Amino acid sequence: MSSGTEAPDLQRSSGIERIKETGYGGVFVACAAVTLLTTIAIFVTLLSDAFAFFMQVPATEFLFSTEWSPNPLGGGQVFGIVPLVIGTLTVTITAALIAIPIGTLTAIYLSEYATSRLRSILKPMLEVLAGIPTVVYGYFALVYVTPALQATLFPQMSTFNALSASLMVGIMTIPMVSSISEDAMSAVPDSLRQAGYGLGATKYEVSTGIVVPASLSGIASSYILAISRAIGETMIVVVAMGAQANMPDVQRAILGIPYIHPGDVLFDPGMTITVSMVQIAGSDLTGGTVPYDAMFALGLALFVVTLIMNVLSDLIAERYREEY
């Protein structure tokens, strides 16, 4: 008698569980679809308005012209992305030269040398750097870093310059490199470390010769993500670097000196792609004009660059991933 009543109860409970599992799956699918559809919508929006821009401005002028003047006080409008690319690369490369070595060495220390208690204190303190508003970094560079550099190392430096902005962008991205790299190093099994110690290796040799190569996929991914973050930074650059789309002085090359002095790029004002977009968005331009559509062309260029960087990160992580 009791077995007969228990069977329908089990069937009802199993049916309710199936309905719950179906509902959970639907929620997860909806969340994933929102992310995917948002990305597609952004890309389509950028592509449609960028197409309207390229209908009026040749792509060759946009990609190869060395002047950027979307709304000049006098004269014609020029939409050359080259000076913006130079400014973006200057900030990105200089920031990477700061964030990558410091972040990697910090990750090695936290993973291999610091005690558990010290790691629990230092890592959250380091990650606080990622939570500071970027406009604060920008004003810190303008008010403190630039005057200090002018008074000590580079008196010829302009008030607005790429070097101070790059230093702050590099410091801002250190937590991204160190945190992701430290997580990758901590995931390396202790058996590999013990094997190295058993062969007579020192802690330094184990850290650099075993742990770092074993976690190379995560470390490389942190590099690419940090570079992508530096490419898209805006507020630090607009405050500390200014908003002048300048080309480096190429007269040295004409005179026979086969290089451009770094001071032409680092010590003078400049403009990145993101800053130019902010400048257009904050102007009195209305929709449907060529400068307004140029903002979406710049956004499409940034979208493609960051997409390539993220795909490259996934490929590197897949190529060098170690399974334990």
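Preceding block: the structure.
Quick summary incoming for the structure in this document. (Residues numbered from 1 in each chain as written. Predicted model: local features only at pLDDT ≥ 70, side-chain atom pairs only at ≥ 80, totals over all residues. Heavy atoms only, no water.)

Per the secondary structure count, the protein chain includes 14 helices and 2 strands. Relative to all contacts within the protein chain whose residues are 6 or more apart in sequence, the contacts with residues 24 or more apart total 72%. Total accessible area computed for the protein chain in this model is approximately 17,800 Å², and 68% of it derives from carbon and sulfur atoms. (Helix = DSSP H or I, 4+ residues; strand = E, 2+ residues; numbered from the N terminus. Contact = heavy atoms within 4.5 Å. Areas by Shrake-Rupley, 256 points an atom, 1.4 Å probe, with all protein chains shown as cover.)

In this section: empty space enclosed by the protein. Regions of empty space are outlined by a rolling probe, equal in size to a water molecule, passed over the atoms. Taken as a whole and assessed by the stated rule, the structure comprises 1 cavity of 30 Å³ or more. One number sums up the size of the largest cavity: a volume of about 40 Å³. What lines the largest cavity is simply Thr-92, Ala-95, Ala-96, Ala-99, Ile-100, Thr-173, Val-177, Tyr-223, Ala-226, Ile-227 and Ala-230. Elements with a contribution of two residues or more to the lining of the largest cavity: α3 (82-113), α6 (162-186) and α9 (216-231). (1 Å grid on protein atoms, 1.4 Å probe; cavity = no way out; pocket = protein on both sides within 12 Å on 5 of 7 lines; lining within 4 Å. Points joined across faces, edges and corners; volume = space filled by probe spheres on them.)

The next thing to look at is a nonpolar patch on the surface. On the surface, a cluster of nonpolar side chains totalling about 660 Å² of accessible area is made up of Tyr-109, Tyr-113, Leu-118, Ile-121, Leu-122, Met-125 and Tyr-204. Residue assignment for the nonpolar patch shows that the elements contributing at least two residues are α3 and α4 (116-131). Element by element, the count of residues in the nonpolar patch is highest for α4, at 4 residues. (Patch = residues over 30% accessible without salt bridge, like charges linked within 9 Å, V, L, I, M, F, W, Y side chains within 5 Å. Salt bridge = Lys/Arg side-chain N within 4 Å of Asp/Glu carboxyl O.)

With that settled, consider the packing of aromatic side chains. Applying the stated rule across the entire model yields 9 aromatic pairs. On the numbers, 5.2 Å between centres and 70° between planes, the contact of Phe-53 with Phe-54 is edge-to-face. Both rings, one in Tyr-292 and one in Phe-296, keep their centres 5.4 Å apart while their planes meet at 65°; by these two values the pair is edge-to-face. Remark: Phe-296 and Tyr-292 occur in helix α14 (residues 290-320); sequence separation between them is 4 residues, near one turn of the helix. (Phe/Tyr/Trp six-rings, centres within 6.5 Å; stacked < 30°, edge-to-face > 60°.)

This next bit is on the pattern of salt bridges. Applying the stated criterion across every chain, the model contains 6 salt bridges. Across the pair Arg-119 and Glu-182 runs a salt bridge whose closest N-O atoms are separated by 3.9 Å. Highlighted residues: Arg-119 in helix α4 and Glu-182 in helix α6, separated in sequence by 63 residues. We classify Arg-119 as partly exposed; its relative accessible area is 22%. What you see here is one network of salt bridges that share partners, running through Arg-119, Lys-123, Glu-182 and Asp-183. (Buried < 20%, exposed > 50% of the residue type's maximum accessible area, 1.4 Å probe, protein only.)

Bringing the side chain of Thr-88 into the picture now. Structurally, the position occupied by Thr-88 is in helix α3. Setting aside chain neighbours within four positions, we find Thr-88 in contact with Ile-231, Met-271, Thr-272 and Ile-273.

As a further point, take the nonpolar core. Within the largest apolar cluster, 43 residues are counted, with the highest numbers of intra-cluster contacts made by Phe-53, Trp-68, Val-169 and Leu-298. Elements that contribute at least two residues to this core include exactly α1 (2-54), α3, α5 (134-152), α6, α9, α10 (235-240), α13 (273-281) and α14. At 9 residues, α14 tops the list of elements feeding residues into this core. Of the domains in this structure, domain 1 (12-56) and domain 2 (68-319) are the two that each give at least three residues to this core. Counting 9 residues, the second-largest nonpolar core is a separate cluster that includes Ala-107, Met-185, Val-206 and Val-212. (Core = buried A, V, L, I, M, F, W, Y, C linked by side-chain atoms within 4.5 Å. Domains from an automatic or database assignment.)

Bringing the layout of surface pockets into the picture now. As a volume, the largest pocket reaches approximately 230 Å³. Lining the largest pocket are 13 residues, with Val-85, Thr-88, Leu-89, Ile-231 and Val-305 positioned closest to its centre. Where the lining of the largest pocket is concerned, the elements lending two or more residues are α3, α9 and α14. The greatest single-element share of the lining of the largest pocket, amounting to 6 residues, is contributed by α3.

So, on to the packing of α4 against α6. Interaxial distance between α4 and α6 falls to 7 Å at its minimum, and their mutual angle equals 140°. In terms of axis orientation, α4 runs oblique to α6. Once α4 is placed against α6, the crossing between them reads as left-handed. Every residue of α6 that contacts α4 at Arg-119, Lys-123, Leu-126, Glu-127, Leu-129 and Ala-130 is listed here: Ile-171, Ile-174, Pro-175, Ser-178, Ser-179, Glu-182 and Asp-183. Of the residues contributing to the contact of α4 with α6, the split by class is 6 nonpolar, 2 polar and 5 charged. (Axes fitted to C-alpha atoms, helices over the stretch in contact; angles between N-to-C directions. Parallel < 35°, antiparallel > 145°, perpendicular 65-115°, else oblique. Left-handed = near helix turned anticlockwise from the far one by under 90°. Nonpolar A, V, L, I, M, F, W, Y, C, P; charged D, E, K, R; others polar.)

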